[in-house]
Amino acid sequence: MDAGFWILQFLNATQFSMLLFLLSIGLTVIFGLLHFVNLAHGALYMLGAYIGISAAAWTGSFWAALVLAPIAVTLIGAVLYFTLIDRLRSAGPMNQVLVTFGLIFVFIDLVRIGWGDVALGLNAPQVLSGATDLGIVSYPTYRLFLIGLGAMVMAILWIVLSKTQIGAMIRASVENEAMAKALGINVGELFFAVFCVGCALAGLAGVAAAPVLSATTGMGISILIPTLIVVVIGGLGSLEGAIVGSFIVGFIETFSAAILPGLAAILTYVLLAAVLVLRPRGLLPARA
Amino acid sequence: MLELKGVVSGYGETRVLHGTDFVVAAGSVHALLGRNGVGKSTTLKTIIGHLPLQDGSIAFQGSSIDRSPQVNARRGIAYVPETRDIFGSLSVQENLELAGRLAGVNPEWTIARVIDFFPNLKDRLSNGGQELSGGEQQMLAIGRALMTDPKVLVLDEPTEGLAPIIIQQIFAKLKELKSGGMTVLLVEQNLSFALGLADDVSLMSRGQIAWRGTATDLRNDDVAHEKYLGV
């Protein structure tokens, strides 16, 4: 195992962490704000990939797909919000889990009907195909793009949440919804807007992952588990928690698969159990 | 300014208010007093919209209050809860700015004026809300309410858990607001604090108003004291 091996694993881990981040940030903020457990978030990610592949086929442009898929997924999310999620907000976590878990299978079957049960690929655009020479190693350019995309979203979200008034409104509402309302904040509208952003990021993650992972009907479920672990480890509703949790899970899964393949399947769960025992509210909880 | 008629409210199935009536006159300080558990905080929460009005009516400036707190806040009802509810993840400045969104253009209260009013907050603007002392939190909670340019200030036990010296400061500040014409509805356990500020007093007992009069009336009414406030 030379330096190149470690750099390669580091880049792989970073890229996987960014993907986890795009998904977990939506899930965690939706939970933090709406107190809603949306297991269908992974299905939205899958839809992002399939819609992106079709959009790329229709428009002939990857970039158009990268914009259109999140928009389409947001619209689907908005329909879900008004038909189910808003009504289930006070129904308790068990009902929410049951309904959104059921939605996963509805969406999977809809994808089977629409696209068939085969893995579909998406070609990275010309500029991002091939590999980039990084000195010691050369690394697929598209994966570097994924890392950059994740970092950009992370930076934008961090600036919006920590430096702007809308960010202050979101933080205040996550912390104390009743007091936020008493200060005139329209928490309902704010929640809906945040929900839409969460859906858009799930869609973005789906279409952005398609050239690397290819779209399958199982992709939404297989990413859901590590995403939920990220959210729980980081602390429900916390942006910093989602960032830190994504890197922890991304790095543990990648490095353990490379170094300790026998333990890879359980290490993340061991970590999850440890966090739940030692810091049940997560490493960086949203509420102080 | 604020008129409650036959208000029935509570938590879920548990009714706490059984027909509460009183009127807060514009420009006055109205103290709502009584023993623990008689429904004072519940009354305040129902006025601002945190608890649903199950029966009766609450009128604010002649029209009925809304069922959503954010609409009531926009119409000028500012609430300072017993727990103060400072946003700990926001800086002091952000706590104030957030409330300032409600005020229109050329607001009466700006951050500069709030700092002028509560100089203790001056060096704390960039501190996180969770770093404040109890007294500073109370000042920020009142300052935050003022930033909304309220027409009525609804205060729930502003002296609770505070040192006497801080209580004196808060008292002086509320007195200053009163002489500026602010309408205040005050729930308070500290009787001398409340009577020092109040024009009118309503004494609550079991979810209803059992006695009403001026602060001077209450000072002279030993029976009411004994019956509704004595321990």
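Analysis parameters
- Residues numbered from 1 in each chain as written.
- Chains lettered and ligands numbered in written order.
- Predicted model: local features only at pLDDT ≥ 70, side-chain atom pairs only at ≥ 80, totals over all residues.
- Heavy atoms only, no water.
- Helix = DSSP H or I, 4+ residues; strand = E, 2+ residues; numbered from the N terminus.
- Rg over C-alpha atoms; globule rule 2.2 N^0.38 Å.
- Buried < 20%, exposed > 50% of the residue type's maximum accessible area, 1.4 Å probe, protein only.
- Contact = heavy atoms within 4.5 Å.
- Areas by Shrake-Rupley, 256 points an atom, 1.4 Å probe, with all protein chains shown as cover.
- Lys, Arg positive; Asp, Glu negative; His and termini not counted.
- Charge placed at Lys NZ, Arg CZ, Asp CG, Glu CD.
- Salt bridge = Lys/Arg side-chain N within 4 Å of Asp/Glu carboxyl O.
- Expected span 1.5 Å × (residues − 1).
- Bend = angle between axes of the 7 residues up to and from the residue.
- Polar contact = N/O pair within 3.5 Å; in protein donor to acceptor, adjacent residues only side chain to side chain.
- Pairing = 2+ DSSP bridges.
- Axes fitted to C-alpha atoms, helices over the stretch in contact; angles between N-to-C directions.

### A look at the overall build of chain B
When helices and strands are counted, chain B shows nine helices and ten strands. Against the compact-globule benchmark of 17 Å for 231 residues, chain B has a radius of gyration of 17 Å, which places it among compact chains. Evaluated residue by residue, chain B yields a buried proportion of 55% over its 231 residues. Excluding contacts between residues fewer than 6 apart, the proportion of contacts in chain B whose partners are at least 24 apart in sequence is 68%. For chain B, the accessible surface area stands at approximately 9,800 Å², while carbon and sulfur atoms represent 48% of it. Side chains of chain B carry 22 positive and 26 negative charges; the gap between the two charge centres is 3 Å.

### A short note on the pattern of salt bridges
Applying the stated criterion across every chain, the model contains nine salt bridges over all chains. The residue Arg112 of chain A makes a salt bridge to Asp117 of chain A at a minimum N-O spacing of 2.8 Å. Note that Lys173 of chain B and Glu176 of chain B form a salt bridge whose closest N and O atoms lie 3.4 Å from each other. Of the two residues, Lys173 of chain B and Glu176 of chain B both sit in helix H6 (residues 164-179), three residues apart, roughly one turn of that helix. Look at Glu176 of chain B and you get partly exposed, because its relative accessible area is 42%. Here the salt bridges do not stand alone but share partners, grouping Arg89, Glu177 and Lys181 of chain A into one network.

### Some points on helix H3 (residues 62-88) of chain A
All names here are of chain A. Its 27 residues place the ends of H3 36 Å apart at the C-alpha level, agreeing with the 39 Å of an ideal helix rising 1.5 Å per residue. At Tyr81, H3 shows its largest kink, close to 55°. By the N-cap criterion, in which a side-chain oxygen at the helix start approaches the backbone nitrogen of a residue two or three places on, H3 is capped by Ser61, the distance to Trp63 being 3.1 Å.

### A look at the sheet that holds strand E4 (residues 55-60) of chain B
Residues and elements named next belong to chain B. Taken in spatial order, the four strands make up an open sheet running E2-E1-E4-E5, and their pairing is antiparallel. Two strands in the sheet have a free side with no partner beyond their single neighbour: strand E2 (14-24) and strand E5 (63-64). The pairing of strand E1 (residues 2-11) with E2 spans eight bridges and is classified as antiparallel. Within E2, the residue paired with Val7 across the bridge is Thr20.

### Digging into the pairing of strand E3 (residues 29-33) of chain B
Residues and elements named next belong to chain B. Extensive coverage of E3 is indicated by the burial of five of its five residues. With burial as the criterion, each face of E3 is covered, one bearing Val29, Ala31 and Leu33 and the other bearing His30 and Leu32. Pairing of E3 with strand E8 (residues 183-187), which is carried by four bridges, proceeds in the parallel orientation. Within the sheet, the bridge partner assigned to Leu32 lies in E8 and is Val187. In this structure, E3 lies alongside strand E9 (residues 200-205), joined through four bridges in parallel fashion. Across the sheet, His30 pairs through a bridge with Asp200, a residue of E9.

### Description of helix H5 (residues 134-147) of chain B
Residues and elements named next belong to chain B. Under the 1.5 Å per step criterion, the end-to-end length of H5 is 20 Å for 14 residues, consistent within 8% with the ideal 20 Å. The complete set of buried residues in H5 reads Gly135, Glu136, Gln138, Met139, Leu140, Ala141, Ile142, Gly143, Arg144, Ala145, Leu146 and Met147. Where H5 terminates, the next one or two residues include Asp149, which has phi positive at roughly 55°.

### Remarks on the environment of Phe171 of chain B
All names here are of chain B. Among the structural elements, Phe171 can be located in helix H6. Taking C-alpha positions, Phe171 is 31 Å from Ser57, a pair spaced 114 residues apart along the chain. When neighbours within four sequence positions are excluded, Phe171 is seen to be in contact with Phe193, Gly196 and Leu197.

### Let's talk about unusual backbone geometry
In the Ramachandran plot, Ser214 of chain A falls in the positive-phi region, its phi being about 60° despite a non-glycine side chain. Along the polypeptide, Ser214 of chain A turns up in the loop between helix H8 (187-213) and helix H9 (219-234). Within the chain, Gln61 of chain B stands out as a residue other than glycine whose phi angle is a positive 50°. In this structure, Gln61 of chain B sits in the loop between E4 and E5. For Gln61 of chain B, a relative accessible area of 44% corresponds to the partly exposed category.

### Remarks on the sheet that holds E3 of chain B
Residues and elements named next belong to chain B. Reading across from one edge, E6-E7-E8-E3-E9-E10 is the order of the six strands in this open sheet, with mixed pairing throughout. Both outer strands of the open sheet, strand E6 (77-80) and strand E10 (208-214), are each paired with one neighbouring strand and no more. For this sheet, the mean inter-axis angle between neighbouring strands, taken without regard to orientation, is 15°. Set on the sheet, helix H1 (residues 40-48) makes contact with E3, E6, strand E7 (152-156), E8 and E9; between it and E6 the angle comes to about 145°.

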